[in-house]
Amino acid sequence: MLTEFGKVLIFFLLGGVFVGVTLAVSRLVSPRRPSKEKMMTYECGEDPIGEPWVKFNIRFYVIALIFLLFDVELAFLFPWATVYADLGMFAYVAGALFILVLFLADCYLWAKGDLEWIRPEPEIPKLANLIEHSELITPPGSSPEKEHAPVAS
Amino acid sequence: MEQFIHDLIGNDLLATIVWCVLPLVFILGYAIVAILAEMKSASWFQDRLGPMRTGPWGIFQPFADVLKLLMKEDIVPARADKILFNLAPVIVFVGAYAAFAVLPFASEYVGADLNLGLFYLIAVSSFGVLGIIMGGWASNNKYSLLGAMRSAAQIVSYEVPSATALLIVAMMVGSLNLQDIITAQSGGFWNWFILGGPKSDVVLASGAVIHADIGNFVFLPLLLATFVIYYLSALAETNRTPFDIPEGESELVGGYHTEYSGMKFGMFFMAEYANMFLVSAVAAVVFFGGWQSPWGITLGEALDIPVLTLLEGVFWTAAKGFFFVFVMMWLRWTLPRLRVDQLMYMCWKVLIPASFALALVVGFIVVIR
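Here the structure is a predicted model, which means the values were calculated and not measured.

Novice: Give me a nonpolar patch on the surface: which residues, what numbers.
Specialist: Residues Leu2 of chain A together with Phe4, Leu8, Ile9, Leu13, Leu14, Ile17 and Val18 of chain B make up a contiguous nonpolar surface patch of roughly 700 Å² in combined accessible area. For the nonpolar patch, the secondary-structure elements that each account for two or more residues are helix H1 (2-9) and helix H2 (12-45) of chain B. In terms of residue count, the dominant contributor to the nonpolar patch is H2 of chain B (4 residues). By the secondary structure assignment, Ile17 of chain B is in helix H2. Under the relative-accessibility criterion, Ile17 of chain B is labelled partly exposed at 31%.

Novice: Report on helix H3 (residues 89-112) of chain A, specifying residues and quantitative values.
Specialist: Residues and elements named next belong to chain A. Here H3 spans 34 Å end to end across 24 residues, near enough to the 34 Å set by a 1.5 Å rise per residue. Regarding H3, the residues found buried are Ala91, Tyr92, Gly95, Ala96, Ile99, Leu102, Asp106 and Leu109. A positive backbone phi angle near 85° is found at Gly113, which sits one or two residues after H3.

Novice: Describe the packing of helix H7 (residues 142-173) of chain B against helix H14 (residues 340-368) of chain B, with residues and values.
Specialist: Residue and element names in this part refer to chain B. Contact geometry of H7 with H14 gives a least axis separation of 9 Å together with a crossing angle of 15°. In this view, H7 runs roughly parallel relative to H14, as classed from their interaxial angle. Here H7 and H14 pass one another in a crossing that is left-handed. Classifying every residue of the contact of H7 with H14 by side-chain character gives 20 nonpolar, 5 polar and 1 charged.

Novice: Explain the domain arrangement of chain B to me, using residue names and the numbers behind them.
Specialist: Residue and element names in this part refer to chain B. Examined at the domain level, chain B breaks down into domain 1 (1-66) and domain 2 (72-368). Between the C-alpha centres of domain 1 and domain 2 there is a distance of 19 Å. Counting from both sides, the interface comprises 20 residues of domain 1 and, opposite them, 24 residues of domain 2. Together domain 1 and domain 2 conceal approximately 2100 Å² of surface at their shared face, both sides included; 75% is due to carbon and sulfur atoms. Three residues, Phe26, Tyr30 and Glu38, lead the burial of domain 1 against domain 2; their summed loss comes to 31% of the area buried on that side. Taken together, the connections running from domain 1 to domain 2 amount to 2 salt bridges. Here Glu38 and Arg332 are joined by a salt bridge, their closest N and O atoms 2.9 Å apart. The interface formed by domain 1 and domain 2 includes 8 residue pairs in polar contact (both at pLDDT 80 or more). Here the side of domain 1 that touches domain 2 is built from residues that sort into 17 nonpolar, 2 polar and 1 charged.

Novice: Tell me about the packing of aromatic side chains, residues and numbers included.
Specialist: Residues and elements named next belong to chain B. With the rule as written, the count across this model stands at 38 aromatic pairs over all chains. With a centroid separation of 5.6 Å and an interplanar angle of 55°, the aromatic rings of Tyr231 and Phe324 are classed as tilted. On the criterion of sequence distance, the pair formed by Tyr231 in helix H9 (residues 219-237) and Phe324 in helix H13 (residues 306-332) is long-range, its members being 93 residues apart. Residue class for Phe324 comes out buried when judged on its relative accessible area of 7%.

Novice: Can you lay out the interface of chain A and chain B for me, pointing to particular residues and giving the numbers?
Specialist: Taken together, the contact between chain A and chain B spans 65 residues of the former and 87 residues of the latter. When the two sides are added together, the surface that chain A and chain B hide from each other amounts to roughly 7000 Å², 77% of it contributed by carbon and sulfur. Of all residues in chain A, the largest losses of buried area upon contact with chain B belong to Phe11, Trp53 and Phe78 of chain A, amounting jointly to 12% of the total for that side. Counting the contacts that link chain A with chain B gives 0 salt bridges. At the surface where chain A touches chain B, the tally comes to 5 residue pairs in polar contact (both at pLDDT 80 or more). At the level of elements, helix H1 (4-29), helix H2 (58-87) and H3 of chain A are the ones that each hand at least two residues to the side of chain A that touches chain B. The greatest single-element share of the side of chain A that touches chain B, amounting to 17 residues, is contributed by H1 of chain A. Tallied by class, the residues present in the side of chain A that touches chain B amount to 45 nonpolar, 9 polar and 11 charged.

Cut-offs and rules
- Residues numbered from 1 in each chain as written.
- Chains lettered and ligands numbered in written order.
- Predicted model: local features only at pLDDT ≥ 70, side-chain atom pairs only at ≥ 80, totals over all residues.
- Heavy atoms only, no water.
- Patch = residues over 30% accessible without salt bridge, like charges linked within 9 Å, V, L, I, M, F, W, Y side chains within 5 Å.
- Areas by Shrake-Rupley, 256 points an atom, 1.4 Å probe, with all protein chains shown as cover.
- Salt bridge = Lys/Arg side-chain N within 4 Å of Asp/Glu carboxyl O.
- Helix = DSSP H or I, 4+ residues; strand = E, 2+ residues; numbered from the N terminus.
- Buried < 20%, exposed > 50% of the residue type's maximum accessible area, 1.4 Å probe, protein only.
- Expected span 1.5 Å × (residues − 1).
- Axes fitted to C-alpha atoms, helices over the stretch in contact; angles between N-to-C directions.
- Parallel < 35°, antiparallel > 145°, perpendicular 65-115°, else oblique.
- Left-handed = near helix turned anticlockwise from the far one by under 90°.
- Nonpolar A, V, L, I, M, F, W, Y, C, P; charged D, E, K, R; others polar.
- Domains from an automatic or database assignment.
- Contact = heavy atoms within 4.5 Å.
- Buried area = accessible area lost by both parts, 1.4 Å probe.
- Polar contact = N/O pair within 3.5 Å; in protein donor to acceptor, adjacent residues only side chain to side chain.
- Phe/Tyr/Trp six-rings, centres within 6.5 Å; stacked < 30°, edge-to-face > 60°.

See below:
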């Protein structure tokens, strides 16, 4: 008989075999009539503009890095969780310090603003705003002191 | 039961393969039921009838859907990265299926009885992210790439609170084996971890003893909060509403599987349903006693019929799992979709600090008692 991890390997292989067989059956029974339009990248019916493989929001990269740190440290906590109750207070304090350091890291990220997602802050026009920034509606020539550009962060 | 299959088939390797195929059979049956349940529950929530044409009350609709997906033309965009595009559905489904290896369906059935089952589960459940990123990137489509990026960020972020929530229960049991976690909750629903865990000493299969008494009710509010954290993270990890921004159809068409058609789309779909059941069943195993009946005794044990015990175990696992899958469908038609920034706020500023605090408090109480 296989070991337990051998069975896990069989699970992985079976999943792959299942997908392979299903896709093969689908290939046998489905039609194949490719045309230029059909093979075009979908962009709401228009011709695709530009390359999709572009720079994406850097926030995703930061999140991935943070996750890597947190997940690796969590992995260390699992063996601790199985034995700390038998080892008593010393083991608990050691683990608690570890969790506190993780918590501190979360606070640091919070304070640094790495967890903030960029949000548009539209300026809603109000009569009071217009009066306050009356220089915006005064004729040119008088230099506006308060430059009030819409915040686009 | 494993010995029975081995005796029946004779060949060791073949018997093990049959043993490992059983969850796949379960997933296929479950997917058929869940597709219909999703359509019907959605329509009933909206005061509609739902599918009614295929068979009585439309009960053959999922079969028609599967057949349709099988016979649809499989379109691979000309500008896509063909190898990765074809590999992505395989990886997504394999990731979902491999996690079923450690899920105990009954006292006699767990695909692979790993002594670090919980750890394996957390490791493998994030395997699917690779497939999602791969598919989203290889599609060479802007919607797919955006959807894949969002999905990956969401899944990996919520991995942290969900792993911490599971860690808290592991701290109480002192074992990562899922069967041990279920054994710790034996004796009735008042011993389930959602209600504070065992109330009397429990002896695990390994011989280790969990010391417990009636005072364990102090854990009730803590573990209730842990369960809420786990379930919310599980919703986010399976990209279900209200956390379904990766596939927000009003902005991203179909998210990472925009370019997929036919059975390759079907595989993403299957994987999503399999994952829904997986996280629900893990919630049932860890917090609701897994295959244990709510009153602690089974008819099969009382009458000494092993087959009945097995079926009862599978019934309770499936019933508890289906219940949480149903709650997911229910939430889908109840809650509006969150924004990306709200999603990240929820995870990093609410759930993670809360789960760390819970881990500290639960650990402290376990040590001083």
